[in-house]
Every structure is written in C-alpha cells, then in structure tokens.
Amino acid sequence: MYHPDLLRHPESCPALVLNADYTPLSYYPLSLWPWQTAVKAVFLERVDIVAQYERKVHSPSFEMSLPSVIALRQYVRPSEYPAFTRFNLFLRDRFACQYCGDPRELTFDHVTPRAQGGRTTWENVATACAPCNLRKGGRTPKEAHMTLRRRPFRPTSWHLQEHGRSFPPNYLHDSWRDYLYWDIELDA
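Residues numbered from 1 in each chain as written. Predicted model: local features only at pLDDT ≥ 70, side-chain atom pairs only at ≥ 80, totals over all residues. Heavy atoms only, no water.

K.L.:
How do you make sense of the sheet that holds strand S1 (residues 15-18) when you look at a structure like this?
P.N.:
Pairing in this open sheet of four strands is mixed, and the strands run S2-S1-S4-S3 from one edge to the other. The two strands at the open ends of the sheet, each matched to only one other strand, are strand S2 (32-33) and strand S3 (47-59). Inspection of the sheet shows S3 paired to strand S4 (residues 62-72) by nine bridges, in the antiparallel sense. Opposite glutamine 52, over in S4, you have proline 67 as the bridge partner. Contacts between helix H2 (residues 35-43) and the sheet are confined to S1, S2, S3 and S4, with S4 contributing the most and set at about 90° to the helix. (Pairing = 2+ DSSP bridges. Helix = DSSP H or I, 4+ residues; strand = E, 2+ residues; numbered from the N terminus. Contact = heavy atoms within 4.5 Å. Axes fitted to C-alpha atoms, helices over the stretch in contact; angles between N-to-C directions.)

Structure, rendered in structure tokens:
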C-alpha cells in the first residue's frame with residue numbers, strides 16, 4: 001500500500017516533543033527533534049512513542065518505525081520568565097510594529113531612549129518597524145508625537161506560548177495536530 005511517509009527521507013521526519021503532560025515543550029518555535037535524537041531517546045528510555053511515521057529505519061538485525069510524536073517520561077517545568085531576546089520580543093509584540101502595526105522591517109525601539117537613561121529591558125523596549133524607529137529617533141513617543149499601541153511589559157513563558165500558537169509553522173504532520181490545538185475549540 002502506498003503511503004507518502006514511506007517515500008520520506010529520514011531527515012524530513014522530525015518528532016514533535018511533548019512534555020510528560022502531553023503538551024508541547026514549545027509552540028514557537030515548535031519543539032521538534034531530528035529523527036536521530038528521537039530514536040536515541042527511545043533507546044535510552046527517556047521518552048514514550050505516541051505516534052509513528054510509516055517510514056522505517058533498520059539495521060541488519062533491527063527495524064523501527066520513526067517516531068512522529070514522543071512524550072518525555074520526566075516532566076520538565078518551563079521557566080516562568082523567558083530570556084530577553086530579539087525573537088522573544090517580536091513574539092511578545094506579535095511580529096508587528098507597536099506604533100503603526102506594520103509587520104515588515106522590524107527592529108526594536110527603546111521607548112525611553114538610552115541617551116535619556118532608558119535601559120534595555122522588557123518594560124522599555126518595543127517592536128518597531130524601521131520607518132517608525134527612524135521617525136521617533138532619540139525621543140520619547142510623546143516628544144515624537146507617536147502613540148504606542150501597548151506599553152511594553154515583561155511577558156511570562158505562558159504569554160509567549162499563547163502568542164506562538166497564533167503563528168503555526170508551514171508544515172504540520174497529521175499525527176501532530178491532536179497535540180497542538182491550533183485555534184481549535186475543544187468540546188466540553
């Protein structure tokens with residue numbers, strides 16, 4: 001019987017990694033392991049296989065279907081607050097300029113400029129498109145007659161996970177969909 005997974009190269013068979021409570025470790029970026037890491041974790045008995053691809057790998061004495069969804073046996077507690085990175089900042093602000101809403105040419109802007117004592121913190125940095133950042137320059141939004149759509153804040157990991165669910169990756173294997181809940185209303 002023909003199945004598209006049978007033609008897949010193993011390199012295109014990543015495993016979705018779930019925590020021990022069967023929630024993804026991360027939505028954005030999606031928690032994926034390459035097939036070699038997933039197989040090694042299976043042999044080391046660190047994960048349980050939840051779903052498999054039709055694609056198999058084998059040695060002279062062993063054959064195994066590649067795991068498409070795996071769950072950690074030990075629960076990994078996510079950190080409460082994420083690291084301050086450019087990517088996490090853009091994710092907090094939903095990949096849109098906080099002055100005009102444009103999603104292109106994103107940079108980050110110090111609300112209170114560094115020249116005026118502003119620091120590089122969650123509470124003082126906002127996503128801005130290059131034109132708005134240039135227009136604002138070394139002034140505060142009030143001095144530049146610009147309005148922030150939302151004041152910068154320190155997000156929790158939960159905030160970023162929720163925002164990440166709004167930006168699913170280009171490819172989702174069918175076996176992953178039950179664990180990702182992309183904008184699906186759950187039955188009561």
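K.L.:
How should the pairing of S1 be read in this particular structure?
P.N.:
Within a regular strand, side chains alternate between the sheet's two faces. Of the two faces of S1, the one lined by Ala15 and Val17 and the one lined by Leu16 and Leu18 are each fully buried. Here two bridges tie S1 to S2, and the two strands are oriented antiparallel to one another. When the bridges of S2 are listed, alanine 15 appears paired with tryptophan 33. Two strands pair when backbone bridges link them, and S1 and S4 are joined in this way by three bridges, in the parallel orientation. Opposite leucine 16, over in S4, you have valine 69 as the bridge partner. (Buried < 20%, exposed > 50% of the residue type's maximum accessible area, 1.4 Å probe, protein only.)

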